[in-house]
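# Fold and contact review
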Amino acid sequence: VSTMNAKTSSRGEEEASGTRNETPGESGCLGEAKRRQVIRVAYVIAALDLTFLFMQMGVMPYLAKSLGLDSVGFGYLQTIFGVLQLMGGYIFGRFADQFGARAALILSCVSGSIFFLLMTLSTSIPILFLSRVPGVFMHGIPGAQKVITDMTSPSQRAGALGKLGFCFGVGIIFGSVLGGVLSTKFGIYVPAYVGLVGSVINTLIAMVCIPSQTKPESDHHVTEHSTSQSGSLFSIREILRLMKFPGVMEVFIVKVFAGLPIGLFMIMFSIISMDFFGLEAVESGYLMSYFGVLQMVVQGLVVGKLSNHCTEMTLLRLSVFVFAGVGLGMALMRTVWHYCIIAVPLVFAFSTLATITDSILTKAVPSSDTGAMLGICASVQPLTRTVGPTIGGVLYKQFGVSSFGYLQLMVNLGLFVYLWKSKIPLEGMKS
């Protein structure tokens, strides 16, 4: 007891005198400038990771076709990747909680290196399917989110997480363009070689520039006895435990269902762009770049500023309400120009919903569980990609494009009423 009192007294004297020592690798002792630098490094890693990912996404259909894989087989390939990402999201988050954000980022980058290496060796269909396996641990965005969550205070978190949308826009624009240019001029395997080299560089950046411990030192003392520290990386009991924290289940339900109809639409977009809008491949690429620019502007600039002036519950309700309006617009649209107009509120609602729910959910659980919570959040999109082709195909074939809009409208109107009337206990969240 006397030793603890002495340490407490010493710490108080250091804080009072403003001469707290800085020890490399301990974020609790990192200065503000150092924390900002680490967050910038996380942004760089995320942007590069997304760029390489979108490079392979643009090339993959052509590589699969060159190996003799038909459209059904390509659908299986995509489904396998979605299932692996779905399974690995929570495991990756638990790994980040137990071993640290730097170890998690390194795991993601190393998995990306193996992923691209297998792509360069994909001269047959079995190897191409095998190249999807490392995708179970390829979670660059959740890894960067974990670093940012550990390095920011709750009041700064929404704005800092929102800037990751700028990285997403960079990945879409440059990844799509580079993938097309490199594969056309130098061969279909060149983007994979570039991705391999880039992933190795990302690994080195994470090893050198991210401190081994990103959580504040005080958080270790607070959470050491306040949470269950199961040794298993995957535990249903741990997931249920997190869902029992005040407000978590309610916000997570909104996160899943508010974006589900538009997720189904985006999965079917390649077919819709050809059949409904009558676009060529080049025009579809331009439309994706347009989305990338909107994503950069909205999530990189707008969401962060709004989070400084509005409460998170206000922004959550706003995003759901705008989503309902987007659904009405999608139900009535007839041309690609209508869709370009609708894309502005669509990107705003999608970006705001993703950022605000991630911020709320990470603040709702103890700091020792933020990685697991981010992993659960990261599993939402893979889940949509897994079930989406079947549900989206039925909706499009039976009811047409307008069905996605009407579904979006009805679901989000219901969620808006739910949010307006319910009393989600945000005050119970970790301050």
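Residues numbered from 1 in each chain as written. Predicted model: local features only at pLDDT ≥ 70, side-chain atom pairs only at ≥ 80, totals over all residues. Heavy atoms only, no water.

### Focus on the overall build of the protein
- Broken down by element type, the protein carries 20 helices and zero strands.
- Across the 431 residues of the protein, 51% fall into the buried class.
- Put simply, 84% of the contacts in the protein that link residues at least 6 apart link residues at least 24 apart.
- Element-wise, carbon and sulfur atoms account for 68% of the exposed surface of the protein, whose accessible area totals about 19800 Å². (Helix = DSSP H or I, 4+ residues; strand = E, 2+ residues; numbered from the N terminus. Buried < 20%, exposed > 50% of the residue type's maximum accessible area, 1.4 Å probe, protein only. Contact = heavy atoms within 4.5 Å. Areas by Shrake-Rupley, 256 points an atom, 1.4 Å probe, with all protein chains shown as cover.)

### Observations concerning empty space enclosed by the protein
- Counted by the stated rule, this structure contains one cavity of 30 Å³ or more.
- Approximately 40 Å³ is the volume attributed to the largest cavity.
- What lines the largest cavity is Asp49, Phe52, Leu53, Gly112, Phe116, Met138 and Ser199.
- Tallying contributions element by element places helix α2 (residues 32-66) first for the lining of the largest cavity, with three residues.
- Taken together, the residues of the lining of the largest cavity break down into four nonpolar, two polar and one charged. (1 Å grid on protein atoms, 1.4 Å probe; cavity = no way out; pocket = protein on both sides within 12 Å on 5 of 7 lines; lining within 4 Å. Points joined across faces, edges and corners; volume = space filled by probe spheres on them. Nonpolar A, V, L, I, M, F, W, Y, C, P; charged D, E, K, R; others polar.)

### What to know about the environment of Thr390
- Relative to the helices and strands, Thr390 is located in helix α19 (residues 380-399).
- Owing to a relative accessible area of 57%, Thr390 belongs among the exposed residues under this scheme.

### Examining the pattern of salt bridges
- Applying the stated criterion across every chain, the model contains five salt bridges.
- Across the pair Lys146 and Asp97 runs a salt bridge whose closest N-O atoms are separated by 3.1 Å. Of this pair, Lys146 sits in helix α6 (residues 140-151) while Asp97 is found in helix α3 (residues 71-99), placing the two residues 49 residues apart along the sequence. Summarising the burial analysis for this pair, Lys146 and Asp97 share the class buried.
- A salt bridge links Asp358 to Lys255, with the nearest nitrogen and oxygen atoms 3.0 Å apart. (Salt bridge = Lys/Arg side-chain N within 4 Å of Asp/Glu carboxyl O.)

### Comments concerning the packing of helix α12 (residues 248-258) against helix α20 (residues 402-421)
- Running from N to C, α12 and α20 point in directions that differ by 165°, and their axes come no closer than 10 Å. As far as their axial angle goes, α20 and α12 are roughly antiparallel. Of the two elements, α12 crosses α20, and the hand of that crossing is left-handed. On α20, the residues that touch Glu250, Val254, Phe257 and Ala258 of α12 are Gln408, Val411, Asn412, Leu415, Tyr418 and Leu419.
- Of the residues assigned to the contact of α12 with α20, the class counts are seven nonpolar, two polar and one charged. (Axes fitted to C-alpha atoms, helices over the stretch in contact; angles between N-to-C directions. Parallel < 35°, antiparallel > 145°, perpendicular 65-115°, else oblique. Left-handed = near helix turned anticlockwise from the far one by under 90°.)

### Some points on a nonpolar patch on the surface
- Taken together, the side chains of Val200, Leu204, Met207 and Val208 present a nonpolar region at the surface, about 380 Å² in accessible area.
- The residue Met207 is located in helix α9 (residues 190-209) in this model.
- Classification of Met207 as partly exposed rests on a relative accessible area of 43%. (Patch = residues over 30% accessible without salt bridge, like charges linked within 9 Å, V, L, I, M, F, W, Y side chains within 5 Å.)

### Comments concerning the nonpolar core
- Phe265, Tyr339 and Phe404 are the most contacted members of the largest nonpolar core, which has 60 residues in total.
- Looking at this core element by element, the count peaks at 14 residues for helix α17 (residues 336-364).
- Residues Val147, Leu161, Ile210 and Met296 belong to the second largest nonpolar core, which totals 24 residues. (Core = buried A, V, L, I, M, F, W, Y, C linked by side-chain atoms within 4.5 Å.)

### Considering the packing of aromatic side chains
- Summed over the entire model, instances satisfying the criterion amount to twelve aromatic pairs.
- Relative to Phe404, the ring of Phe265 lies with its centre 5.8 Å away and its plane at 75°, an arrangement referred to as edge-to-face. Taken together, the residues span a long stretch of sequence, with Phe265 in helix α13 (residues 260-267) and Phe404 in helix α20 at a distance of 139 residues.
- Accessibility expressed as a relative area gives 0% for Phe265, which makes it buried.
- Pairing Phe321 with Phe416 gives two aromatic rings, centres 5.3 Å apart and planes at 50°, and the pair type is tilted. (Phe/Tyr/Trp six-rings, centres within 6.5 Å; stacked < 30°, edge-to-face > 60°.)

### Concerning the packing of α19 against α20
- Viewed as axis vectors pointing N to C, α19 and α20 meet at an angle of 115°, and their least axial separation amounts to 8 Å. Of the residues in α20, those touching α19 at Gly392, Leu395, Tyr396 and Phe399 are Ser402, Ser403, Phe404 and Leu407.
- Each residue belonging to the contact of α19 with α20 can be placed in one class, and the counts come to five nonpolar, three polar and no charged.

### Considering the environment of Asp97
- Look at Asp97 and you get buried, because its relative accessible area is 14%.
- It is 8.7 Å that separates the C-alpha atoms of Asp97 and Ser367, two residues lying 270 residues apart in sequence.
- Polar contacts involving the side chain of Asp97 include one to the main-chain amide nitrogen of Ala372, which spans 2.8 Å. (Polar contact = N/O pair within 3.5 Å; in protein donor to acceptor, adjacent residues only side chain to side chain.)

### Observations concerning the side chain of Thr51
- Examined against the element boundaries, Thr51 turns out to sit in helix α2.
- Relative accessible area serves as the criterion here: at 9%, Thr51 is assigned to the buried category.

### Quick notes on the environment of Phe166
- Within the secondary structure, Phe166 is located in helix α8 (residues 164-186).
- Its relative accessible area of 41% is what places Phe166 among the partly exposed residues.
- Taking C-alpha positions, Phe166 is 7.0 Å from Val297, a pair spaced 131 residues apart along the chain.

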